[in-house]
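Below are the chains, spelled out letter by letter.
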Amino acid sequence: MAILKHGTSKNANYGDALTYLLFEHDGFTMKPVLDENGNLVQRRDYILGGINCDPFTYAEECRELNERFRKIQKPGEVKAHHYIISFDPLDQSECGLTGEKAQELGLEFARKNFPGHQTLVCTHLDGHNGSGNIHVHIVFNSLRKFDIEPQEFAERPCDCKAGFKHHQTRSLLTHMQKSLMEICEREGLHQVDLLTPSENKISEREYWAKQRGQAELDKKNEEVIEFGLSPAKTVFQTQKQFLRDAISDVSNSATSFEKFQKALLEKYSIQVTDKKGRYSYLHPDKSKNVTERALGTNYGKEHLTRLFEENANKVQIDPVFGDSPLDYVEVFFLKSDLRLVVDLQNNVKAQQSRAYAQKVKLTNLKQMVNTIIYVQQNGYDTREALQSSYEEMLTKRAEAKKELRETENKLKDINEVIRYMGQYLSNKKVFGEMLNAKNKKKFRESHLSEIETYETAVKFLKNRYLGGKIPSMKALQEEKQSLTIWRDAKQNTYNYLYDYTQELKTVCSNVDAILKPQQEKEVKKARQEEILC
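Calculation rules
- Residues numbered from 1 in each chain as written.
- Predicted model: local features only at pLDDT ≥ 70, side-chain atom pairs only at ≥ 80, totals over all residues.
- Heavy atoms only, no water.
- Helix = DSSP H or I, 4+ residues; strand = E, 2+ residues; numbered from the N terminus.
- Buried < 20%, exposed > 50% of the residue type's maximum accessible area, 1.4 Å probe, protein only.
- Contact = heavy atoms within 4.5 Å.
- Areas by Shrake-Rupley, 256 points an atom, 1.4 Å probe, with all protein chains shown as cover.
- Salt bridge = Lys/Arg side-chain N within 4 Å of Asp/Glu carboxyl O.
- Patch = residues over 30% accessible without salt bridge, like charges linked within 9 Å, V, L, I, M, F, W, Y side chains within 5 Å.
- Lys, Arg positive; Asp, Glu negative; His and termini not counted.
- Charge placed at Lys NZ, Arg CZ, Asp CG, Glu CD.
- Pairing = 2+ DSSP bridges.
- Axes fitted to C-alpha atoms, helices over the stretch in contact; angles between N-to-C directions.
- Expected span 1.5 Å × (residues − 1).
- 1 Å grid on protein atoms, 1.4 Å probe; cavity = no way out; pocket = protein on both sides within 12 Å on 5 of 7 lines; lining within 4 Å.
- Points joined across faces, edges and corners; volume = space filled by probe spheres on them.
- Nonpolar A, V, L, I, M, F, W, Y, C, P; charged D, E, K, R; others polar.
- Core = buried A, V, L, I, M, F, W, Y, C linked by side-chain atoms within 4.5 Å.
- Polar contact = N/O pair within 3.5 Å; in protein donor to acceptor, adjacent residues only side chain to side chain.

Caption draft 1: Representation of the overall build of the protein within the structure. Helix and strand counts for the protein come out as 16 helices and eight strands. Here the protein holds 533 residues, and 36% of them are scored as buried. Contacts in the protein between residues far apart in sequence, at least 24 positions, make up 66% of those at least 6 positions apart. Working note: accessible area of the protein is about 32100 Å², and carbon and sulfur atoms make up 52% of it.

Below is the structure:
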């Protein structure tokens, strides 16, 4: 799935762009990586090319052009644009994508979407964190060097003239997304629908914030583990992800905006407001709201309102006893506060600190008492019965996960059909106009993108339904809604079973800790009897 990313640079030193493309840089700080002698480390696998410039004199040519037109002279102006096309790692193993082919596609994309600009196109064969995905960097001077033919995405006459800056617009972004999707489809590469807003929108800035936060957390946890303790938190969560997780949790049961608003505030201290038809959320540690657009469509008013209505009107599917395909007959489970009993004999900190050891002993006694109460209340007569119950729930959890994945795959399939149906309907009129045109060849050439998109959609739908009746968009949307309800119900089932198995695992471990002294005593007695005999 090719993904398109965009960034801008206000750095007046155009040479830094070439340095980044040719030499290794730290992923977190973006600073150059140096060897033991303080020299830059050259990238191992890259392919570099230039459009309307020599790659190695790119910086000088850009400065000369800016001086000739007396443009981009102020410090705060955007000097260059940087686009990245990231291909799916599977494109190499499954689709035969090579670095040379990716470079060729990058040059094609740049010539089509940024004509007239001084452009660097560089393909890197090494992905971030060793992912191995091929990605293409496209860096170009913001100022246009040559006049170009009128473009369909241009909104102003000056957008095609030399001496004017690149004008980033919504129509241009849409054009680029369509262009990339067409290239991937033509080459048989993995792709996603770039035109549909993301359900979970992770920006480049948030991605790197998570990477840096996870690295810092791992470093702190190493110190905790050295003391013989278990880290309280192993996965770093950004503030936006905290909002997403909280919204998902509360929205699964809320039946109105008022209840949703109240539950978010009480459970997570998150304030949500409805302003101008959109939701915005205030993190408990922040003073500025985060808009629904910054989180993704799953956290917007339209999606959540529909979810509230479904929660209020749909037949309630009990995740344990109800209409779920899994016929669970376990007693209803309420999550307890049970915690693991700490093994004092193998705890380094307890060996070093008598006060800490005494504190852990008291905590262990409390957890042992709670464990005995739990076992008695749930009717477990033997350790074997407890283990059997745990293994049974593990099996059911695996079945629940399998059913959840099957439903998610069905939902993914119907989403793909809806996407192609949308392409079919949106371009059907243009195709009809071509059939009625006097010069069909000329009309097709001038509307090639729309007509090819229409034909691709028709081919997909015919192959999908093999000559049968193609359902309407309304029927597809209804099927999607039904699958979404089932997906959410099965997700609740899986979450329930996951919590249940984790608690039974804790109970099993605590019971073993309680029985351990008695077992050791019996083993010691048996050895003494063997010696006497």
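Caption draft 2: A look at the pattern of salt bridges. On inspection of all chains with the given rule, the structure shows 18 salt bridges. For E104, the salt bridge identified is with K101, shortest N-O distance 3.6 Å. With E104 and K101 both in helix α4 (residues 99–113) and three residues apart, this pair spans about one turn of that helix. By relative accessible area, which is 25% here, K101 ends up partly exposed. A salt bridge links D249 to K267; its shortest N-O distance comes to 2.7 Å. Taken as a pair, D249 in helix α7 (residues 239–251) and K267 in helix α8 (residues 257–268) lie far apart in primary sequence, 18 residues in all. Assessed through its relative accessible area of 29%, D249 is described here as partly exposed. Taking the relative accessible area as the measure of exposure, K267 reaches 55% and is therefore exposed. Within this structure, K101, E104, E108, R186 and E187 form a network of salt bridges that share partners.

Caption draft 3: Local environment of a negative patch on the surface. Taken together, the side chains of D218, E222, E223 and E226 define an acidic patch exposed on the protein surface. Looking at the secondary structure, you find D218 in helix α6 (residues 204–226).

Caption draft 4: Representation of the sheet that holds strand β8 (residues 290–291) in the model. As summarised here, the arrangement of the three strands in space is β6-β7-β8, forming an open sheet in which the pairing is antiparallel. Taken across any chain shown, the strands that pair with only one partner, and hence form the sheet edges, are β6 (271–275) and β8. Summarising the sheet, β6 and strand β7 (residues 278–282) pair through five bridges and their orientation is antiparallel. Following the sheet pairing, Q271 is matched in β7 by L282. Against the sheet, α8 makes contact with β6 and β7, and its axis sits at roughly 150° relative to β6, the strand it touches most.

Caption draft 5: Highlighting the sheet that holds strand β2 (residues 46–51). The five strands are arranged β1-β3-β5-β4-β2 in an open sheet whose pairing can be described as antiparallel. The two strands at the open ends of the sheet, each matched to only one other strand, are β1 (3–9) and β2. Strand-to-strand twist in this sheet, taken as the mean axis angle between neighbours without regard to direction, amounts to 15°. Against the sheet, helix α1 (residues 15–22) engages β2, β3 (80–86), β4 (117–124) and β5 (135–144), with an angle of about 20° to β4. Strand contacts of α4: β1, β2, β3, β4 and β5, with the helix running at about 160° to β4, the strand carrying the most contacts.

Caption draft 6: Focus on α4. The end-to-end C-alpha separation of α4 is 21 Å, in line with the 21 Å expected for 15 residues at 1.5 Å each. Buried within α4 are the following residues: G99, A102, Q103, L105, G106, L107, F109, A110 and N113. Where the residues of α4 are buried, they touch β1, β2, β3, β4, β5 and α5 (170–187).

Caption draft 7: Representation of the environment of L243 within the structure. Locating L243 in the fold gives a position in helix α7. It is 7.0 Å that separates the C-alpha atoms of L243 and H283, two residues lying 40 residues apart in sequence. Setting aside chain neighbours within four positions, we find L243 in contact with I270, Y281, H283, V290 and L295.

Caption draft 8: Region of the structure containing unusual backbone geometry. Positive phi, close to 65°, is recorded for N52, a residue that is not glycine. Here N52 is to be found in the loop between β2 and α2 (58–69).

Caption draft 9: Structural context of a positive patch on the surface. Where like charges cluster on the molecular surface, the positive patch consists of R205, R212, K286 and K288. You can call R212 partly exposed: its relative accessible area is 35%.

Caption draft 10: Structural context of empty space enclosed by the protein. All told, the structure shown has one cavity of 30 Å³ or more when counted by the stated rule. In this structure, the largest cavity occupies an estimated 140 Å³ of space. What lines the largest cavity is a set of 15 residues, among which R144, F153, D159, H166 and L172 lie closest to the centre. Here the lining of the largest cavity is built from residues that sort into six nonpolar, six polar and three charged.

Caption draft 11: Summary view of the nonpolar core. If you look at the biggest cluster of nonpolar residues, it comprises 24 residues, and the most contacted ones within it are I85, F87, F109, F114 and I138. Counting only elements with at least two residues in this core, the list comes to β3, α4, β5 and α5.

Caption draft 12: A look at the pairing of β4. In terms of burial, β4 is largely enclosed, as eight of its eight residues are buried. Residue alternation in β4 divides its side chains into two sets, H117, T119, V121 and T123 and Q118, L120, C122 and H124, and both sets are buried. Here β2 runs beside β4; their pairing, made up of six bridges, is antiparallel. Bridge pairing in β4 links Y46 to H124.

Caption draft 13: Seen up close, the side chain of K145. Turning to its location among the elements, K145 is positioned in the loop between β5 and α5. Within the buried set, K145 has no salt-bridge partner at all; the shortest N-O distance to an opposite charge, 4.1 Å, is to E61. Leaving out residues up to four positions away in the same chain, K145 has contacts with N52, E61, L65, G116, H117, Q118 and A162.

Caption draft 14: Inspection of the environment of K79 at higher detail. Assignment of secondary structure puts K79 in the loop between α2 and β3. Overall, K79 belongs to the buried group, its relative accessible area being 5%. C-alpha separation for the pair K79 and S9, spaced 70 residues apart in sequence, amounts to 5.7 Å. Ignoring sequence-local partners within four residues, the contact set of K79 consists of S9, K10, N11, A12, Y14, I72, K74, F140, N141 and S142. Of note is the side chain of K79, whose polar atom sits 3.1 Å from the backbone oxygen of P75.

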